[in-house]
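Working through the structure, step by step
These are the residues of each chain, in order.
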Amino acid sequence: MKSIANPIIFIGPGRSGSTIISEVVLAHRQLGGPSNYTEWYPSLPALALLSRCVNNDYWLIHGVKAQLNKTMPFNHLIPRPAEAWSLWQKQTRSDIDFSRNFLINKRATSRERQNIHRAFARLLMLQGKPRLGLKLTGPGRIEYLHSLFPDAYFINVVRDPCATVNSLLNVPFWQQQGAKQLWWEGAYSSEELKTYQQIRHDPVAGTAFQLNKVLETTRREMEYCGVNALTIHYEDFIANPVYTTRKILGFCHLSNDSRVAQRLNTCQVINRNQQTCKNLALTNKVRQWCPS
């Protein structure tokens, strides 16, 4: 099978707007990649054929995000882009914790690169798509991803830290997990670990501390690896989604596409930052621990 060339990889902290922005761009008729079925059944790549039922030369049917919209019956069964952590864990070596580690100073082996290229090439073949599009939240993992895809185009989505922290703290998963412990590992110095122990019982401070590390390491890795990277601010997308989307398409050498325009017309673009900015206590604490 062919190697993967010029993939597009959306990165960014959780709750930064990377989902809404990536789903607009990944609607492009040239792009394919892992879906919710890949996540659920990583050992059954043939399920990628299901994507052809909703995304082909004649039509595009996309699922709707339940948190923002009323959904149709069986909405969750419609194939849609997914991060597919289970697939990454299946294809990477034992010392690579793809979903929970920053992967600082980690690079793929030649065997890993071959296996991962083969897995994604097969997905694209089954979907009938020529180019890979991915979205991965949390740490950038750029050095590792760059070792896999040296010609990748990275779209780094960032959002006002106060809004990001506030949004994370309203997600049940983060309330139960990330707000009470360091969710990602492998990037903190001993001094930083001591600092975290002092603030870990404060959800706002602890979350801002972790967000700051994600932003900081992503910037550092982008500079160190010299990758093709474009940073997109969620606030700019909210202000002018058409212009921002076209900026991404141009950077990735993708043509304007009616399916991208259709996705833009149907997604709900709402500025959810304003309410957060009124909470001065939260804002001041986030600025203290996340000056990035």
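Look a little higher up for the structure.
Calculation notes
- Residue numbers restart at each chain and count upward from 1, following the sequence in its written direction.
- Two thresholds apply to this predicted model, a pLDDT of at least 70 for residue-level local features and 80 or more for giving and counting side-chain atom pairs, whereas whole-chain, interface and lining totals are computed over all residues.
- Computation of side-chain values: all heavy atoms of the structure, hydrogens and water removed.
- Here a helix means four or more residues in a row that DSSP labels H or I, a strand means two or more in a row labelled E, and each is numbered from the N terminus.
- Categorising residues by exposure relies on relative accessible area from a 1.4 Å probe, with only protein chains included: less than 20% of the type maximum marks a residue as buried, more than 50% marks it as exposed, and the intermediate range marks it as partly exposed.
- At least two DSSP bridges between two strands are required for those strands to pair.
- Only heavy atoms enter the contact rule, under which two residues are in contact if any of them lie within 4.5 Å.
- Every axis corresponds to a line fitted to the C-alpha atoms, with the helix fit spanning only the stretch in contact, and the corresponding angles, defined between N-to-C directions, vary from 0 to 180 degrees.
- Each salt bridge in this description consists of a side-chain nitrogen of Lys or Arg and a carboxyl oxygen of Asp or Glu lying within 4 Å of one another.

A word on unusual backbone geometry
Positive phi values are uncommon outside glycine, yet N6 reaches one of about 50°. Among the structural elements, N6 can be located in the segment before strand 1 (8-12). For N6, a relative accessible area of 29% puts it in the partly exposed group. The backbone of N105 sits at a positive phi, close to 60°, despite the residue not being glycine. Among the structural elements, N105 can be located in the loop between helix 4 (85-91) and helix 5 (110-127).

Thoughts on the sheet that holds strand 1
Read from one edge to the other, the open sheet built from five strands follows the order 2-3-1-4-5, with strand pairing classed as parallel. Of all the strands in the sheet, just strand 2 (31-32) and strand 5 (228-233) have a single pairing partner and so form its edges. Of the pairings in the sheet, the one linking strand 2 to strand 3 (residues 131-137) comprises two bridges and is parallel in character. Opposite G32, over in strand 3, you have L132 as the bridge partner. Against the sheet, helix 10 (residues 203-225) contacts strand 1, strand 4 (153-158) and strand 5, and its axis sits at roughly 155° relative to strand 4. Each of strand 1, strand 4 and strand 5 is contacted by helix 12 (residues 241-251), which is oriented at about 175° to strand 5, the strand it contacts most.

Remarks on the pattern of salt bridges
In total, this model carries 13 salt bridges according to the counting rule given. When the shortest N-O distance is used, the salt bridge between D202 and K285 registers 2.7 Å. Residue D202 is located in the loop between helix 9 (190-199) and helix 10, and its partner K285 is located in helix 15 (residues 280-289); the two are separated by 83 residues in the primary sequence. Overall, D202 belongs to the partly exposed group, its relative accessible area being 24%.

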